[in-house]
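Summary of the model geometry
As a plain string of letters, each chain reads:
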Amino acid sequence: MVALTIERLAILIMAGGKGERFWPRSRARFPKQFLPLNSGGTLLQETFKRVTNIVPAEMVYVVTPENYRDLTLGQLPALSPENLILEPVGRDTAPCISLAALHINRRHPDVSLVILPADHVIGNEERFLSAIKASAQAAFGASLVLLGINPDRPEVGYGYIECGETTAVINGWPVKNVVRFVEKPTAERAESFLEAGNYLWNSGMFAVRLPVLLDLFKLHLPWLHDAMTRMVASMDGGAWTSEIRGQFASLPRLSFDYGVVEKVQGCVVIPVDFAWDDVGSWAALERIWEKDRDGNVVR
């Protein structure tokens, strides 16, 4: 297996969510990822801070809608404007990742790319970073490497990954075959997954070599890859023209999981044991904030 070096590792942070279930704190002009929901920093700042412990800032990219440009650069002064990739409008994660991959390919065409949402709360940073490095290393021997969360409750709000046999161990992390993906289950099925012990939550975090990622788009979403390639090639000095903006806005909404991940052959998953929450709603704060003696969460 090819050795992973810092020069061959890049991080892409997706910061385009609306955080609608955190209304009224999260609003269209100031969504969840820009809020300090768990600590002194915002969720985006905490994500950026974590990953710059293993890669330099120049190897970290952020993709977000263009109306969050100033907000993102204001919260991340260490992020170069050249590493901020702007979408004209949100079209879910497949167009978002396709756009970012083409931009990153111009400067770093042979990296192992780790893709992370901006709005997750992570516990045990040391274990998180160790798993990230293991996933990036595993990407040199697999088509796509997912990070799966060991479930601690029968959650119906997450997608699940059924994992099979262990195919490798990297720095102490087992790498397992993916048997299948399961969409958000009923409470009864979620309970059965928890009891089975070989189902993981799909965290939305994954690693892939950039040339492989581009090939996956060509194979599974050729129409999107072709359209995005034309749009990126036509951009005027990196800026969106009104014509290209209209072309992007006309793209259908499509998730990367549905459009690519669930179709990939040779997909693997690393079960991780650090605390994780995607803080999808106010109810999630009960899990991550400290309770008083009466079981209430008050701030």
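Rules behind the numbers
- Residues numbered from 1 in each chain as written.
- Predicted model: local features only at pLDDT ≥ 70, side-chain atom pairs only at ≥ 80, totals over all residues.
- Heavy atoms only, no water.
- Helix = DSSP H or I, 4+ residues; strand = E, 2+ residues; numbered from the N terminus.
- Buried < 20%, exposed > 50% of the residue type's maximum accessible area, 1.4 Å probe, protein only.
- Contact = heavy atoms within 4.5 Å.
- pLDDT = per-residue confidence, 0-100.
- Polar contact = N/O pair within 3.5 Å; in protein donor to acceptor, adjacent residues only side chain to side chain.
- Axes fitted to C-alpha atoms, helices over the stretch in contact; angles between N-to-C directions.
- Parallel < 35°, antiparallel > 145°, perpendicular 65-115°, else oblique.
- Left-handed = near helix turned anticlockwise from the far one by under 90°.
- Nonpolar A, V, L, I, M, F, W, Y, C, P; charged D, E, K, R; others polar.
- Core = buried A, V, L, I, M, F, W, Y, C linked by side-chain atoms within 4.5 Å.
- Phe/Tyr/Trp six-rings, centres within 6.5 Å; stacked < 30°, edge-to-face > 60°.
- Lys NZ or Arg CZ within 6 Å of the ring centre and 35° of its normal.
- Pairing = 2+ DSSP bridges.

This part takes up the overall build of the protein. From N to C terminus, the protein includes ten helices and eleven strands. Within the protein, the proportion of its 299 residues that are buried is 52%. Contacts in the protein between residues far apart in sequence, at least 24 positions, make up 75% of those at least 6 positions apart.

What follows deals with the confidence of the model for the protein. Here the protein averages 89 in pLDDT, and 87% of its residues register 70 or above. Element-level pLDDT for the protein is lowest in helix H10 (residues 285-288), with a mean of 62, against a maximum mean of 98 in helix H6 (residues 210-220).

A few words now on the side chain of Thr72. If you trace the backbone, Thr72 turns up in helix H2 (residues 69-75). Classification of Thr72 as buried rests on a relative accessible area of 0%. Residues within four places of Thr72 in sequence aside, it is in contact with Phe34, Leu44, Val62, Thr64, Leu79 and Leu84.

What follows covers the side chain of Glu162. By secondary structure assignment, the location of Glu162 is in strand S7 (residues 160-170). Within the structure, the side chain of Glu162 is placed 3.3 Å from the side chain of Tyr199, a separation counted as a polar contact. Not counting residues within four places of it along the chain, the set of residues in contact with Glu162 comprises Asn177, Val178, Val179, Arg180, Asn198 and Tyr199.

At a minimum axis distance of 10 Å, the contact between helix H3 (residues 93-107) and H6 shows a crossing angle of 135°. Classified by the angle their axes make, H3 and H6 are oblique. As for the relative orientation of H3 and H6, their crossing is left-handed in sense. Residues Ala94, Ile97, Ser98, Ala101, Leu102, Ile104 and Asn105 of H3 form the contact with H6, whose own contacting residues are Leu210, Leu213, Leu214 and Phe217. Taken together, the residues of the contact of H3 with H6 sort by class into nine nonpolar, two polar and no charged.

Nonpolar side chains in soluble globular proteins generally cluster together in the buried interior. Membership of the largest hydrophobic core comes to 100 residues, with the highest contact counts inside it found for Ile11, Ile13, Leu144, Leu146, Leu213, Met228 and Phe274. For this core, the element with the most residues is H3, which contributes eight residues. Discounting residues that sit within four places of it in the chain, Leu213 has contacts with Ile97, Ala101, Leu113, Ile115, Val208 and Phe256.

To continue, consider the packing of H6 against helix H7 (residues 222-234). Relative to each other, H6 and H7 sit at 120°, their axes nearing to 5 Å. With respect to their mutual orientation, H6 and H7 come out oblique. On H7, the residues touching Leu214, Phe217, Lys218, Leu219 and His220 of H6 are Pro222, Leu224 and His225. Within the contact of H6 with H7, the residues separate by chemical class into five nonpolar, two polar and one charged.

Another aspect to go through is the packing of aromatic side chains. Summed over the entire model, instances satisfying the criterion amount to ten aromatic pairs. Plain terms: the ring middles of Phe217 and Phe256 are 5.6 Å apart, the flat faces sit at 45° to each other, and that makes the pair tilted. With a gap of 39 residues between them, Phe217 in helix H6 and Phe256 in helix H9 (residues 256-259) connect regions that are remote in the sequence. Phe256 carries the same exposure label as Phe217, and that label is buried. Members of the aromatic cluster, each reached through a chain of ring pairs, are Tyr158, Trp201 and Trp276. Its guanidinium or amino end placed over the ring of Phe128, Arg50 lies 5.6 Å from that ring's centre, counting from NZ or CZ.

This part covers the pairing of strand S10 (residues 267-272). Across the six residues that make up S10, a large majority, six, are buried. Relative to S10, strand S6 (residues 144-149) is paired through six bridges, and the arrangement is parallel. Bridge pairing in S10 links Leu144 to Cys267. In terms of strand pairing, strand S8 (residues 173-182) meets S10 through two bridges, oriented antiparallel. Bridging from a neighbouring strand, Lys176 pairs with Val269 of S10.

Here we take up the environment of Ile104. Looking at the element boundaries, Ile104 is found in helix H3. Judged by relative accessible area, which is 0%, Ile104 ranks as buried. C-alpha separation for the pair Ile104 and Ile85, spaced 19 residues apart in sequence, amounts to 9.2 Å. Not counting residues within four places of it along the chain, the set of residues in contact with Ile104 comprises Leu12, Tyr61, Ile85, Pro109, Leu113 and Leu210.

Strand direction decides the pairing type here: S7 and S8, joined by eight bridges, are antiparallel. Counted as the bridge partner of Glu162 is Arg180 from S8. The hairpin formed by S7 and S8 contains two residues between the paired strands, and Asn171 there has a positive phi angle of roughly 50°.

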